[in-house]
Amino acid sequence: MQCDSCSIPEPIEDEGYVYIRPALTEVTLLLESGGLAVREHEGRCMVAYHSREDVLFLMQSMKKLSVGQREELDLMITGKKVRPIREKWIPLRQFEERLKHFDVVQIITEQQFTSFMQPIVDRSGGIVAYEFLLRPREGGTPFQPYQLFDTARETGLHSFLDRSARISAIETSAMWLPNGIKRFVNFLPSSIYNPDYCLTHTFQAINRLNLDPADFVFEVVETEKVDNARHLQSIFEVYRRNGISVAMDDVGSGYSTLEQMVLLKPDYVKIDRSLIDRCDESGEKQQKLRIITETAKGFGAYVLAEGIERPEEFQFAREIGMDLAQGYLFGKPSPQPPLDYNRTRKAT
């Protein structure tokens, strides 16, 4: 079984065909009134195009349909040069969003990004892991990662982007890191509708590069609310079955509650930076941090403090038993790890 949501979207070539289903009479009449030649076959319409401008004109014409009619329609685009092996239909609304955000969609579909690494240290300050973060390629089109993922959600490309980002992180880690160094990689739970199939590419990439699955920690990406804990549990189970650890991000924020943490029992608990910021000066934050740390330790998780920028924050985190830390105090995200590998040692 193939995960169509993760497959490469069809580009808009210079010439090709737009298919529309179902073949509503109103659609045919509307397009023909605009001078477009429409062919109907097996319950679908087909319109040839000779430029991106033709596609834009077709989509502008479709806006004259009623809301109900527009909600019924799916579209598929194929170029003349390369015909897809499988049909890839998407709702009309998502197709319109892809044209509306064409430049950002191009960054996603052409994978114009790379992975930067931010160090994670142990209690003594030695680097034992890196988190991989999506960034623009050198000389490429600039973007903000949140903008890329927001557009991916609107255009139905979030599964493709999420998979591509995971593969990028795995490949980058193979270039720079020795075995035994942990690699934290983000993932979107909503992009993985069936973990047994959707994560196949991830495991294949690890095997292809002869990497050790035990070196990887996959974490629920920040900002994504986890509505279906059972679904996330099933994703965690598939990762663990393949020898990979899992983490919860942003614990202590509005989305990542203590109840979810106890229910899911991740291998790593990453505490939200809002609780870490000047925690040495806030009794209220200290109380919350102690509760989270003690609870996580109760089911055997490692606790990681995110967003540490001051030595005083790091000191407090160590005092209450946190195992790992990450933040600008130890290093910003960069395209490669420090050249001094004496600072980097294998995690236990």
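Thresholds, definitions, all that
Residues numbered from 1 in each chain as written. Predicted model: local features only at pLDDT ≥ 70, side-chain atom pairs only at ≥ 80, totals over all residues. Heavy atoms only, no water. Helix = DSSP H or I, 4+ residues; strand = E, 2+ residues; numbered from the N terminus. 1 Å grid on protein atoms, 1.4 Å probe; cavity = no way out; pocket = protein on both sides within 12 Å on 5 of 7 lines; lining within 4 Å. Points joined across faces, edges and corners; volume = space filled by probe spheres on them. Nonpolar A, V, L, I, M, F, W, Y, C, P; charged D, E, K, R; others polar. Pairing = 2+ DSSP bridges. Salt bridge = Lys/Arg side-chain N within 4 Å of Asp/Glu carboxyl O. Buried < 20%, exposed > 50% of the residue type's maximum accessible area, 1.4 Å probe, protein only. Arc of directions from axis to C-beta. Contact = heavy atoms within 4.5 Å. Axes fitted to C-alpha atoms, helices over the stretch in contact; angles between N-to-C directions. Parallel < 35°, antiparallel > 145°, perpendicular 65-115°, else oblique. Core = buried A, V, L, I, M, F, W, Y, C linked by side-chain atoms within 4.5 Å.

## A word on unusual backbone geometry
Argument step 1. For the bond from Arg21 to Pro22, the omega torsion is -5 degrees, close enough to zero to count as cis.
Argument step 2. By the element assignment, Pro22 lies in the loop between strand 1 (16-21) and helix 1 (25-33).
Argument step 3. Unlike most non-glycine residues, Glu42 shows phi in positive territory, near 50 degrees.
Argument step 4. Along the chain, the position of Glu42 falls in the loop between strand 2 (38-41) and strand 3 (44-49).
Argument step 5. Phi angles above zero are rare outside glycine, and Lys265 is one such case at about 50 degrees.
Argument step 6. Examined against the element boundaries, Lys265 turns out to sit in the loop between helix 11 (258-264) and strand 11 (268-271).

## Points about empty space enclosed by the protein
Argument step 1. In total, this model carries two cavities of 30 Å³ or more according to the counting rule given.
Argument step 2. Empty space within the second largest cavity amounts to approximately 30 Å³.
Argument step 3. Around the second largest cavity, the lining residues are Asp122, Arg123, Phe314, Ala317, Arg318, Met322, Asp323, Leu324 and Ala325.
Argument step 4. It is helix 14 (residues 311-319) that provides the largest number of residues to the lining of the second largest cavity, a total of three residues.
Argument step 5. Broken down by class, the residue content of the lining of the second largest cavity amounts to five nonpolar, no polar and four charged.

## Notes on the sheet that holds strand 2
Argument step 1. Strand order in this open sheet of five strands is 2-3-1-4-5, and the pairing throughout is antiparallel. Strands with a single pairing partner mark the edges of an open sheet, and in this sheet they are strand 2 and strand 5 (90-91).
Argument step 2. Across five bridges, the pairing between strand 1 and strand 3 is antiparallel. In the strand pairing of strand 3, Val18 is matched with Val47.

## Thoughts on the environment of Gln147
Argument step 1. Within the secondary structure, Gln147 is located in helix 6 (residues 145-155).
Argument step 2. C-alpha separation for the pair Gln147 and Val104, spaced 43 residues apart in sequence, amounts to 8.4 Å.

## Some words on the pairing of strand 1
Argument step 1. As defined by bridge partners, strand 1 adjoins strand 4 (residues 74-79) across six bridges and the pair is classed as antiparallel. The partner of Ile20 across the bridge, within strand 4, is Leu75.

## Section: the pattern of salt bridges
Argument step 1. In this structure the tally under the stated criterion is 18 salt bridges.
Argument step 2. Measuring nitrogen to oxygen at the nearest pair gives 3.6 Å for the salt bridge that ties Arg21 to Asp74. Taken together, the positions of Arg21 in strand 1 and Asp74 in strand 4 put the pair 53 residues apart, joining distant regions of the chain.
Argument step 3. One salt bridge connects Glu306 with Lys270, and the closest N-O pair in it is separated by 3.5 Å. Note that Glu306 is positioned in the loop between strand 12 (302-305) and helix 14 and Lys270 in strand 11, a separation of 36 residues in sequence. When sorted by exposure, Glu306 lands in the same class as Lys270, which is buried.
Argument step 4. Among the ionic contacts, a cluster of salt bridges with common partners joins Arg278, Asp280, Glu281, Arg310, Glu312 and Glu313.

## Quick notes on helix 9 (residues 200-208)
Argument step 1. Among all positions in helix 9, only Thr202, Phe203, Ala205 and Ile206 are buried. Each buried residue of helix 9 sits inside an arc of 155 degrees when the element is viewed along its axis, so together they form one side.
Argument step 2. Next to the buried residues of helix 9 lie helix 7 (158-176), strand 9 (216-220) and helix 10 (229-241).
Argument step 3. Just beyond helix 9, the residue with positive phi is Asn210, at close to 55 degrees.

## Overview of the sheet that holds strand 10 (residues 245-251)
Argument step 1. Read around the barrel, eight strands follow the order 6-7-8-9-10-11-12-13 and close on themselves; strand pairing throughout is mixed. Averaged over all neighbouring strand pairs, the angle between strand axes comes to 30 degrees, with direction disregarded.
Argument step 2. Relative to strand 9, strand 8 (residues 182-187) runs parallel, the two being bridged by five bridges. The residue of strand 9 that forms the bridge with Val185 is Phe218.

## A word on the packing of helix 5 (residues 102-109) against helix 6
Argument step 1. The contact between helix 5 and helix 6 brings their axes to 10 Å, and the two run at 95 degrees. Accordingly, the angle class assigned to the pair helix 5 and helix 6 is roughly perpendicular. In contact with Val104, Val105, Ile107 and Ile108 of helix 5, helix 6 contributes Gln147, Leu148, Thr151, Ala152 and Thr155.
Argument step 2. Its residues assigned to classes, the contact of helix 5 with helix 6 shows six nonpolar, three polar and no charged.

## Focus on the nonpolar core
Argument step 1. Residues Phe187, Tyr239, Ile271, Leu289 and Met322 are the most contacted members of the largest nonpolar core, which totals 52 residues.
Argument step 2. Ranked by residue count, the leading element in this core is helix 10, at five residues.
Argument step 3. If we skip the residues at most four places from it in the chain, Ile271 touches Val251, Ile276, Leu289, Ile292, Thr293, Val303, Leu304, Ala305, Glu306 and Met322.

## Considerations on the environment of Leu58
Argument step 1. In this fold, Leu58 is placed in helix 2 (residues 52-62).
Argument step 2. The class of Leu58 is buried, set by a relative accessible area of 3%.
Argument step 3. The spatial distance from the C-alpha of Leu58 to the C-alpha of Val47 is 8.8 Å, given a sequence separation of 11 residues.
Argument step 4. Not counting residues up to four positions away in its chain, the partners in contact with Leu58 are Val18, Leu31, Leu36 and Val47.

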